[in-house]
Amino acid sequence: MGIDSQQVRARSPIRHVSLLVGSGGDLSLMSAIFNVPSGLEIGDARLSDWVRVETIEQAVEVAKAVRLKRVVADPAICASHETLIDASGKSVPINPVSTAIERILGRAFVQHSNSSHDATAVQLSQSRTYFVTKRTVDLGVSALALALLAIPVAVIYGIFCLVFGRSTFVQRLEMIGKHGEPFILRYLEFIPKSERGSRQFNVATAINFALGRIHLRLWPALLSVLTGDMSLVGPRTESTEAYARGNQISGGYSQRLLVRPGLVSLARVRFPYSDSVRDLRLALEYDLYYVKHGTPALDFRTLGRASILLAGDALKTVVLSIRVAGRMLDHRLSTMLGNDSPSASRIASVAMPTDRAGVPLDLKPTLVVGAGEGGKTIVKELQNDPGSGLWPVAFVDDDYSLLGARVLDVPVLGNSAAIRAVVDREHIETIVLAIPSASEIDLQRIADIARETGVPTLTMPSIGGILRGDDATRLRVVPTSDLLGRTVVETDVKRCREFLGGKTVLVTGAAGSIGREVVLQALRGEPATIYGLNINESDLYDLQQDLKGKEATTSFVPIVASVTHAARLNRIMRELRPNVVFHAAAYKHVPLMEDFPHEAVQSNIQGAWLMAQAAAAVGVERFVLVSTDKAVRPSSVMGASKRIAELVVKDVAASTGLSACAVRFGNVLGSRGSVIPLFEKQIAAGGPITITDKRMTRYFMTIPEAAGLIIEAGAFGDSGVIYMLEMGDPVSIVDVADRLIRLHGKRPGTDIEIRFTGLRPGEKLFEELSLGFETARETRHPKIRILDEGAAERPPAELMMHRLLKTIQEGTPADIRSLIMKNVEEADGIDVSLLGRETSPRKAIYA
C-alpha cells in the first residue's frame, strides 16, 4: 500500500499520530484495544490518533507527513530500526509491542513456569523519594482510618456481646511479607461460644459475611500498615500456604514481594479474581507490573478505584437484602460507579467464577473464535451451564467493528491472527471455533492457527449441520476433515434424490464405515426401502438401532449374510429385486490380507463376481463397486484383489448388459483400517505414534465424501467405467500425525513422540489414482472424473476366477499371492514385483 506524503500534508492537519507497525498477533491485540483498523486509508482529511501500517516503509512515509507521538512495532522491526524521523525532524524511538501492551493492560507479561529460574526479571526503578512519600501516606491514612472506623467496629462488637455473650473478636493469620519474611495479620471475625448450627453461630456467620462484603473485617490489618509489615497499596498479601502454591505456578512468584504487600492491590481493582490457576497467574502479572512501574500516580489511581469498588460493595450489601429489586438496583449502581465500564486496563480481565462459598469452580478459561450469533450462542450456553467445564474469557473476531468491545461482558481482543497472543496472555486452556457460516478454507486456516498454540480446539456444527437438526451448542473436536489440506466435497442432495427416490436399494458391507455412511446418505435420497447386508451381525444391529432414532420415510431392513455364498445371494436378490446395489463389502486391512490371501480372493474378488452376476440375473438398474487407489499398480494382496474385482465386474457388465461402474478413492479419514483411529488410540495412550516411513504420503478423503461419491457415481449412469475423485495433492502422513497431535492440545515430539518403524509387507510409500493407460475426462460434477481404459486385451474374468478358486483350495499362501499378482500383470500389462522399490515420489514405491 503506497502512501503519498504530500497528499497527507495537503489533506490533513499536522497533528500527533501514534503508529502501530507490523501484522503479528500482538499488534492485532493492540489494534483491538484501540479499535485501530488493519491498514491506513488516505481517503479523508484526517488521520486517527492511532494508525496501523504493515511495514516499516509505510511507517517512514507517514512519519514524513505527521508529528509522531509514539511508535510501536513487532520485534523484527524493532531489531532492524530503532527510531523514525517525523515531519518536525524529531527522532521518535520505536518501542517493542510487548512493552506497549504491558503498559496498556497494566500487567507484566510473564512466561510462567514451575522452575525457580524463571526468566521473569524485575528491576526496581523507583526513587527513594517515592518510597518515603509512600510510607508517609501509609502512616497518615492508616492512622486516620483506624480512628474513624474504631467507633462503628466497637458498636458492632458491643451489640454482639450484649446479645450473645463475649466471643472471640480478632483472629490472627501468618502471612508472607516483603522479601518473604512472615508477619502476623489481624482481622475481624466473630466466633461465638456455641456449637455449629446454633442460632448464635448462624447469626455470627451472617455478621462475618456482611463484614467481609464491606471489607470492614480488614480494619485491624491497618495496624500492620502502621508497623511497616504492609502498605496501603502493593502486591496482594498471602498466607504461607497460598504463597507456596503460587511458587508452584510460576518461578517468578517471589519477585512480587520485592516491595511491601498491600491492603489494596492492582490485581484486586483490575478485576475480582478467584483462586483458579489462571486468575492466580493474572494476579501475579498485575503484581509484577506494580513492582516494576509503581508511581504515586498509580497508587492514587489504585486507591481511588478501590474506593469506588468499596462503595459499590457497600451498596451491594444493602440492596441484596431487597432480593430481586436489590439485584436490579445493584446492577445499575455498579454501572453508574464504573465497575463494569470497559477500559484499556480492564479490557482483558475476566475472572473465573466461584460458587456461593467463594470457592473457584474447576473450569477451563476458554477463547471463543467468532463474536457473531454463533459465538453469542456458545457464550450464553457456557455462562449458564458451568457443568460444561468451560468458561469464556475472551473473543477474537475478524470483524474490525467489534474489536475492543465487550460482547456479553466478554472482551473482543483481536482478529484471528491474534489467537496465539491472546492464548498466551489470557492463559487460555480451550479454544472454541464458533463460526458456523465460515467456509471450509477459512475454517481450516483458523483451525491451523489454533492448533499451533497447542491448546485443545473444539468447534460447533456448520450452518448445514444446524439446519439438519444438530444442536448448535454441542461442541466437538475440530473434525478430522481439517487434515485433508483441501475443501471437503459436498454431496449433491438433489441428484441423490433424483437417483434413489422411491427405489429399492441394497448396500453390502452396510455395517462397515463406508457402507454405513452410504446407508445414511442414501436416506436423504428418500428411497422406498434400504436393505443392509453384512456378515457382522453386531455392527448391523447397532446400525439398525441408530436408524430407529432418525425420522425418515424410508424403512431399513438388515440382512445377515455373506457375499461369498452364491446360492444365498441369488435367493436374496430374487426376493428383494433391488433397483440399485452398492457393493462395499470387502476386506481392506493390507497386512492381514498378506497373511490370509485366500480370504482376500473369496471376499474381495469372488464376492464382487457373485454379486455382479446375481444383480445381472434379476435386472438391477445400477451396480456400483467400491474400489480403492491401492488397486493402481498394486503392491499388496488387498490392492491386487480390488483391481481384479474392478475387472471381473466390468467383464460381467460387458457380457450381461448390467449397468455397472467402480468408484476409486484414497484413504478415508476415520474409517476402520485408516491411520486416524490408530493415531487416536496412540495419542490417548500417551504415544508414541508409529509411522512406517517419514516419506510416506497418501490421498485422503472423509467418510461422507466417499459415500457421496459412491452415490453420485451411481447417478451418472455410465457403464463399464471407473470413477475417481479429484483429491488434490497427496498428504504427508507425518503432517497428518502432527496436526492430529495438535488437535488434541499436545506438542509433537515433546508430549507425543513420533516413531518410524519401517514399511510392512505390501505397503507403498506413495499411492496413485490411475494407471498409465487410463485417461481422465470430466463429468457433470467438478470434482469427479471418469477413467477410460481403452480397448485393452485381457483374460476373461471367468478364466481368472477359475484359476484363483482352484489355487485357494489347493495352494499355499505364497502360491495364492503369486497368482493374484500374476493376474494383475497379465490384465494391465505391467511388471508388479512385491520386492521391487522405487525412489521417485512420482512413481509407486513398493515394499
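Residues numbered from 1 in each chain as written. Predicted model: local features only at pLDDT ≥ 70, side-chain atom pairs only at ≥ 80, totals over all residues. Heavy atoms only, no water.

**Points about the overall build of the protein**
For the protein, the helix and strand inventory stands at 29 helices and 32 strands. Counting only contacts in the protein whose residues sit at least 6 apart along the sequence, the fraction spanning at least 24 positions is 74%. A total accessible area of about 37,800 Å² is found for the protein, and carbon and sulfur atoms account for 53% of it. (Helix = DSSP H or I, 4+ residues; strand = E, 2+ residues; numbered from the N terminus. Contact = heavy atoms within 4.5 Å. Areas by Shrake-Rupley, 256 points an atom, 1.4 Å probe, with all protein chains shown as cover.)

**Side note on the pattern of salt bridges**
What the rule picks out here adds up to 19 salt bridges. Residue Glu753 pairs with Arg755 through a salt bridge whose shortest N-O separation is 3.1 Å. The exposure class assigned to Arg755 is partly exposed, which follows from its relative accessible area of 40%. What emerges from the salt-bridge pattern is a single network uniting Arg107, Arg278, Asp279, Glu285 and Glu426. (Salt bridge = Lys/Arg side-chain N within 4 Å of Asp/Glu carboxyl O. Buried < 20%, exposed > 50% of the residue type's maximum accessible area, 1.4 Å probe, protein only.)

**A short note on the nonpolar core**
In terms of nonpolar packing, the biggest core is built from 55 residues, with Met573, Phe623 and Ile820 touching the most fellow members. Membership of the second largest hydrophobic core comes to 46 residues, among which are Leu211, Val225, Ala283 and Leu298. (Core = buried A, V, L, I, M, F, W, Y, C linked by side-chain atoms within 4.5 Å.)

**A look at a nonpolar patch on the surface**
On the surface, a cluster of nonpolar side chains totalling about 300 Å² of accessible area is made up of Ile151, Val155 and Ile159. Within the fold, Val155 resides in helix H6 (residues 128-164). (Patch = residues over 30% accessible without salt bridge, like charges linked within 9 Å, V, L, I, M, F, W, Y side chains within 5 Å.)

**Quick notes on the confidence of the model for the protein**
Averaged over the protein, the pLDDT score is 77; the fraction of residues at 70 or greater is 76%. Between residues 1-12, whose pLDDT stays under 50, and residues either more than four places distant or in other chains, the model counts 28 contacts. Confidence drops under pLDDT 50 across residues 323-328; counting only partners more than four residues distant or on other chains, this segment forms 3 contacts. (pLDDT = per-residue confidence, 0-100.)

**What to know about the packing of helix H24 (residues 637-656) against helix H28 (residues 797-810)**
Look at H24 against H28: their axes get within 9 Å of each other, and the N-to-C directions meet at 135°. The orientation of H24 with respect to H28, classified from their angle, is oblique. Residues Ile644, Leu647, Val648 and Asp651 of H24 touch H28, and the partners they reach there are Ala797, Glu798, Met800, Met801 and Leu804. Residue composition of the contact of H24 with H28, grouped by class: 7 nonpolar, no polar and 2 charged. (Axes fitted to C-alpha atoms, helices over the stretch in contact; angles between N-to-C directions. Parallel < 35°, antiparallel > 145°, perpendicular 65-115°, else oblique. Nonpolar A, V, L, I, M, F, W, Y, C, P; charged D, E, K, R; others polar.)

**Digging into the packing of aromatic side chains**
Per the stated rule, a full pass over the model turns up 4 aromatic pairs. Ring centres 6.5 Å apart and planes at 85° place the aromatic pair Phe499 and Phe582 in the edge-to-face group. Here Phe582 lies in strand S21 (residues 580-583) and Phe499 lies in helix H18 (residues 493-500), a separation of 83 residues in the sequence. You can call Phe499 buried: its relative accessible area is 10%. (Phe/Tyr/Trp six-rings, centres within 6.5 Å; stacked < 30°, edge-to-face > 60°.)

**Focus: the sheet that holds strand S5 (residues 91-96)**
The 5 strands lie next to each other as S2-S1-S3-S5-S4, forming an open sheet whose pairing is mixed. Looking at which strands have only one partner, the edges of the open sheet turn out to be strand S2 (50-53) and strand S4 (83-85). Going from strand to strand, the sheet's axes swing by 25° on average, the running direction of each strand aside. Here 3 bridges tie strand S3 (residues 67-73) to S5, and the two strands are oriented parallel to one another. Bridge pairing in S5 links Val72 to Asn95. Each of strand S1 (16-21), S2, S3, S4 and S5 touches helix H3 (residues 56-65); the most contacted strand, S4, lies at about 40° to it. Along the sheet, helix H5 (residues 97-105) makes contact with S3 and S5, crossing S5 at roughly 80°. (Pairing = 2+ DSSP bridges.)

**Description of a positive patch on the surface**
Together, Arg568, Arg571, Arg574 and Arg577 give the surface a local cluster of positive charge. Inspection of the secondary structure assignment puts Arg574 in helix H21 (residues 566-576). Of the residues examined, Arg574 reaches a relative accessible area of 48% and is grouped as partly exposed. (Lys, Arg positive; Asp, Glu negative; His and termini not counted. Charge placed at Lys NZ, Arg CZ, Asp CG, Glu CD.)

**Examining the side chain of Thr457**
With respect to the element layout, Thr457 can be found in strand S16 (residues 457-459). Among the polar contacts listed, one links the side chain of Thr457 to the backbone oxygen of Val455, at a separation of 3.2 Å. (Polar contact = N/O pair within 3.5 Å; in protein donor to acceptor, adjacent residues only side chain to side chain.)

**Here's the deal with helix H23 (residues 597-617)**
For H23, which comprises 21 residues, the first-to-last C-alpha distance of 29 Å matches the rise-based estimate of 30 Å (1.5 Å per residue) to within 8%. At Gln606, H23 is bent by approximately 35°, the largest bend along its length. Judged by how many residues are buried, H23 sits mostly within the fold: 15 of 21 residues are covered. One or two steps after H23, the chain reaches Gly619, where phi turns positive at roughly 75°. (Expected span 1.5 Å × (residues − 1). Bend = angle between axes of the 7 residues up to and from the residue.)

**Here we look at the packing of H5 against helix H11 (residues 277-293)**
Here H5 crosses H11 at 100°, and the two axes come no closer than 11 Å. Our classification of the angle between H5 and H11 gives roughly perpendicular. When H5 is examined against H11, the residues Glu102, Arg103 and Leu105 are found in contact with a partner set consisting of Tyr286, Tyr289, Lys292 and His293. Counted by class, the contact of H5 with H11 contains 3 nonpolar, 1 polar and 3 charged residues.

**Observations concerning the environment of Gly607**
If you trace the backbone, Gly607 turns up in helix H23. Residues Gly607 and His583, spaced 24 residues apart in sequence, show a C-alpha to C-alpha distance of 9.2 Å. Discounting residues that sit within four places of it in the chain, Gly607 has contacts with Val563, His583 and Gln602.

**Some points on the side chain of Asp397**
Of note, Asp397 is situated in the loop between strand S12 (390-396) and strand S13 (406-407). For the buried Asp397, no salt bridge is present, and the opposite-charge side chain at shortest range is Lys376, 9.6 Å distant. Here Ala371 takes part through its backbone nitrogen, which lies 2.6 Å from a polar atom of the side chain of Asp397. Of the polar contacts made by the side chain of Asp397, one reaches the backbone nitrogen of Asp399; its length is 2.7 Å. Contact partners of Asp397, with chain neighbours within four places excluded, come to Gly370, Ala371, Gly372, Leu402, Leu403, Val412, Gly414 and Asn415.

**Overview of the environment of Thr227**
If you trace the backbone, Thr227 turns up in helix H8 (residues 222-227). A distance of 3.3 Å separates polar atoms of two side chains, one belonging to Thr227 and the other to Asp229.

**A word on the environment of Gln613**
Inspection of the secondary structure puts Gln613 in helix H23. Sequence separation between Gln613 and Val649 is 36 residues; the distance between their C-alpha atoms is 8.5 Å.

**Overview of the pairing of S12**
With 7 of 7 residues buried, S12 lies mostly within the body of the structure. Crossover strand S11 (residues 364-369) to S12 through helix H14 (residues 373-384) is right-handed. (Right-handed = clockwise from strand over helix to strand, strands pointing away.)

**So, unusual backbone geometry**
With an omega of 0°, the peptide bond between Gly687 and Pro688 qualifies as cis. Along the chain, Pro688 turns up in the loop between helix H25 (675-684) and strand S25 (689-691). The phi torsion at Glu526 lies on the positive side, around 55°, for a residue other than glycine. Residue placement: Glu526 occurs in the loop between helix H19 (513-523) and strand S19 (529-534). Since its relative accessible area comes to 42%, Glu526 is described here as partly exposed. For Arg577, which is not glycine, the phi dihedral falls at a positive 45°.

**Comments concerning the pairing of S11**
Within S11, 5 of the 6 residues are buried, leaving the element largely enclosed by the surrounding structure. Looking at chain direction, S11 and strand S15 (residues 430-433) are connected through 4 bridges and run parallel. Residue pairing in the sheet places Val368 in a bridge with Val432 of S15.

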